[in-house]
Amino acid sequence: NLYIFIDINVTCSCYRALGCILYELFTGSPPFFTTSIFQLVSLIIKDPVKWPKNMSPTFKDFLQGVLTKNPKQRLSWPDLLYHPFVADMVKGGYSV
C-alpha cells in the first residue's frame, strides 16, 4: 500500500496534507490511492477527488478549498480560519 502527498509549493503543502488527512478520516480512504508511485502522481495531477454523498456541503467546500490542485488558488492561512466549516467549529458546531 502506497500513498503520499505530492505538492510543488511547500507553503501550500501543509493545507493540502490537512485536506488529505481530513478526507481520509471521513471516508476511510485517501483521496488518491494506488500501489504505483507513477500512477499516484498522475492521479493527483489529473483526476478529480471523488466526493461521498453523505458529506456535508460545508465540509466538502472546505476540503475542495484545501485540496485545490493549483497551489495559488488553494485555501490557505489565514483565509481558512474564516471558512464556515472552521468558524463553526470554533463556535461549537461540529457537523461534518
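Each chain carries its own residue numbering, running from 1 in the direction its sequence is written. Note on the predicted model: pLDDT of at least 70 is required for a residue's local features to be given, and 80 or more for side-chain atom pairs to be given and counted; whole-chain, interface and lining totals, by contrast, use all residues. Excluded from the side-chain calculations are hydrogens and water; all other atoms, namely the structure's heavy atoms, are used.

With that out of the way, let us pick up helix α2 (residues 37-46). Looking at α2, one finds that the buried residues are L40, L43 and I44. Along the axis of α2, the buried positions cluster into a sector of 95 degrees, meaning they face one direction only. Set apart from the buried face of α2 by more than 90 degrees, the exposed residues are F38, I45 and K46. Per-residue accessibility, obtained with a 1.4 Å probe over protein chains only, is compared with the maximum for each type, and a residue is labelled buried under 20%, exposed over 50%, and partly exposed between these values. Helix and strand definitions follow DSSP, with helices as H or I runs of at least four residues and strands as E runs of at least two, each counted in order from the N terminus. Of all possible arcs, the one meant is that of the directions from the helix axis to the C-beta atoms.

Here we come to the nonpolar core. Residues enter a nonpolar core if they are buried and are Ala, Val, Leu, Ile, Met, Phe, Trp, Tyr or Cys, with the set joined through side-chain atoms within 4.5 Å. Residues F32, F62, L63, V66 and L67 are the most contacted members of the largest nonpolar core, which totals 18 residues. Of all the secondary structure elements, the ones that give two or more residues to this core are α1 (10-27), α2, α3 (57-66) and α4 (84-91). Here, two residues are considered to be in contact whenever any of their heavy atoms come within 4.5 Å of each other. Once you skip the residues sitting within four places of it in the chain, L67 turns out to touch R16, G19, C20, V49 and W51.

What follows concerns the packing of aromatic side chains. Whether two aromatic rings pair depends on their centres lying within 6.5 Å, for rings of Phe, Tyr and Trp, where Trp uses its six-membered ring; planes under 30 degrees apart make the pair stacked, over 60 edge-to-face, and the rest tilted. The full count for this structure, using the stated rule, is 4 aromatic pairs. Note on F26 and F59: the rings are 5.6 Å apart at their centroids and 55 degrees apart in plane angle, and the pair reads as tilted. With a gap of 33 residues between them, F26 in helix α1 and F59 in helix α3 connect regions that are remote in the sequence. Here F26 falls in the partly exposed class, since its relative accessible area comes to 24%. When the centroid spacing of 5.3 Å and the interplanar angle of 35 degrees are considered together, the rings of F62 and F85 count as tilted. Pair noted here: F62 is in helix α3 and F85 is in helix α4, with a separation of 23 residues, a long-range link. Comparing F62 with F85, the two get one shared label, buried. Of the aromatic side chains, those joined through ring pairs into one cluster are F26, F59, F62 and F85.

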